[in-house]
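Observations on the three-dimensional arrangement
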Amino acid sequence: MQKPARIAPSILAADFSQLGADVARVEPHVDWLHIDVMDGHFVPNISLGIPVIASLRPVSDLRFDCHLMMHNADNYFDALATAGADLVTIHVEAYPDPTAAAKKAVEAGLDFGLVVNPPTPLESIEPFVDLCDVLVLMSVHPGFGGQSFIESTLDKIRDARKLVDSRGLTTDIQVDGGITPTTAASAWDAGADVFVAGSAIFRSEDPIATVRELRAAAGGRESDRNEGTDTRRR
Ligand code: DX5
Ligand code: ZN
């Protein structure tokens, strides 16, 4: 069942010279914080890593959603948990069988999710859905912010929603990339319930107004941060 939309600003589009202030500004209005970690190998870019997550942890109570665009992400689960991650998501393209990695995440006290790139069929994660707290459908090619939403992701979101609901699961369905109020509305209609937005929020003249527009576009209901998996577990 589709849950009230959770809005997850991606700090990739924040001003890193004032990251704490950028996060503090949006914190009361959003649900999760999306943290893009890149290894310069799985994706052709490098972003930020564990020390930045550890620096943010004491200044934010948001659920830290760490999107690991990496080949060997599971080597870092313990360090990420210690730094303050709540959820790690890894790519099925890097982990064709993610069973062991999912187990390792749980052992580290982390929630776990699988990410699918635009060209990768949803079937690649079907056998592993039961291991996931979150399914992530990339709506841009990973590695860079500020790209345009790939419309064919909507079909994949619809299929993911059918898959989750037909199995009676409560798995979140996250869409990541090119999210604006317009694309959020389409993704919500297709069945997504977690919305990652970098440029739309942090490059906005009024980030809080943009968060409100995103929420209005995505069903219009406030999520309850004090319930279910949206609560920080520590
Ligand atoms: C892309 C990242 C996205 C990105 C989204 O590699 O995974 O999370 O930050 O940025 P926008 O919202 O600008 O597309
Ligand atoms: Zn991301």
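Reference entry: report on the structure contained in this document. Small disclaimer: the values here were computed from a predicted structure and weren't measured.

Section: the site of ligand 1
- In the vicinity of ligand 1 there are 20 residues, among which D36, G143, D176, G198 and S199 approach most closely.
- Between ligand 1 and D36 there is a distance of 2.8 Å, counted from an oxygen atom to a side-chain nitrogen or oxygen.
- A distance of 2.8 Å is found between an oxygen atom of ligand 1 and a backbone nitrogen or oxygen belonging to G178.
- Protein chains shield 99% of the accessible area of ligand 1, which is 380 Å² for the free molecule.
- Of all the elements in the fold, those that place two or more residues in the shell around ligand 1 are strand 2 (32–38), strand 3 (63–69) and strand 8 (194–197).
- Here the residues of the shell around ligand 1 are counted per class, giving eight nonpolar, ten polar and two charged.

So, the pairing of strand 8
- Of the two faces of strand 8, the one holding V194 and V196 and the one holding F195 and A197 are both buried throughout.
- The pairing of strand 1 (residues 6–9) with strand 8 spans four bridges and is classified as parallel. The partner of P9 across the bridge, within strand 8, is A197.
- Sheet analysis places strand 7 (residues 172–176) next to strand 8, joined by three bridges and oriented parallel. Bridged to V175 within strand 8 is F195.

Quick word on the sheet that holds strand 8
- Strand order in the open sheet formed by eight strands is 1-8-7-6-5-4-3-2, with parallel pairing between adjacent strands. In this open sheet, the two strands that pair with only one neighbour each are strand 1 and strand 2. Each adjacent strand pair in this sheet contributes to an overall mean axis angle of 25 degrees, direction not counted.

A few points about the coordination of the zinc ion (ligand 2)
- Summarising the metal site, the zinc ion (ligand 2) is bound by the protein donors H34 (NE2), D36 (OD), H67 (ND1) and D176 (OD), whose distances to it range over 2.1 to 2.2 Å.
- Each donor residue of the zinc ion (ligand 2) lies on one chain, and together they are spaced H-x1-D-x30-H-x108-D. Taken together, the positions of D36 in strand 2 and H67 in strand 3 put the pair 31 residues apart, joining distant regions of the chain. Both residues of the pair, D36 and H67, belong to the buried class.

Here's the deal with the environment of L87
- Its place among the elements puts L87 in strand 4 (residues 87–91).
- For the pair L87 and E27, spaced 60 residues apart in sequence, the C-alpha separation works out to 17 Å.

Digging into the side chain of R57
- Within the secondary structure layout, R57 lies in the loop between helix 2 (50–56) and strand 3.
- You can call R57 buried: its relative accessible area is 12%.
- Within polar-contact distance, the side chain of R57 engages the backbone oxygen of S60 at 2.7 Å.
- A distance of 3.1 Å separates the side chain of R57 from the side chain of D86, its partner in a polar contact.

So, how was this worked out
- Each residue is numbered by its place in its chain's sequence as written, counting from 1.
- Written order determines the labels here, with chains lettered from A and ligands numbered from 1.
- Confidence filtering applies because this is a predicted model: local features only for residues at pLDDT of at least 70, side-chain atom pairs given and counted only at 80 or more, and all residues used for totals across whole chains, interfaces and linings.
- The side-chain quantities take in all heavy atoms of the structure and omit both hydrogens and water.
- One heavy atom within 4 Å of a molecule or strand is enough for the residue carrying it to be called near that molecule or strand.
- A 3.5 Å cut-off defines polar contacts: any pair of N or O atoms within that distance qualifies, except that in protein one atom must be a possible hydrogen donor and the other a possible acceptor, and neighbouring residues in sequence count only when both atoms are side-chain atoms.
- Areas reported as accessible are Shrake-Rupley estimates using a 1.4 Å probe. Residue values count occlusion only from the protein chains shown.
- Here a strand is any run of E in DSSP of at least two residues, a helix any run of H or I of at least four, and the numbering for each starts at the N terminus.
- The nonpolar class holds Ala, Val, Leu, Ile, Met, Phe, Trp, Tyr, Cys and Pro. Asp, Glu, Lys and Arg form the charged class, and all remaining residues, Gly among them, are polar.
- The buried label applies to any residue whose accessible area, calculated with a 1.4 Å probe on protein chains only, is under 20% of its type's maximum; exposed applies above 50%, and partly exposed to all values in between.
- A pair of strands is treated as paired once DSSP finds two or more bridges between them.
- To define axes, lines are fitted to C-alpha atoms, for helices over the stretch in contact only, and angles between the resulting N-to-C directions are given on a 0 to 180 degree scale.
- In this analysis a donor is any N, O or S atom within 2.8 Å of a metal ion (3.2 Å for sodium, potassium and calcium), and since water is not included, sites may seem incomplete.

As far as function goes, none of this settles anything; it's purely spatial.
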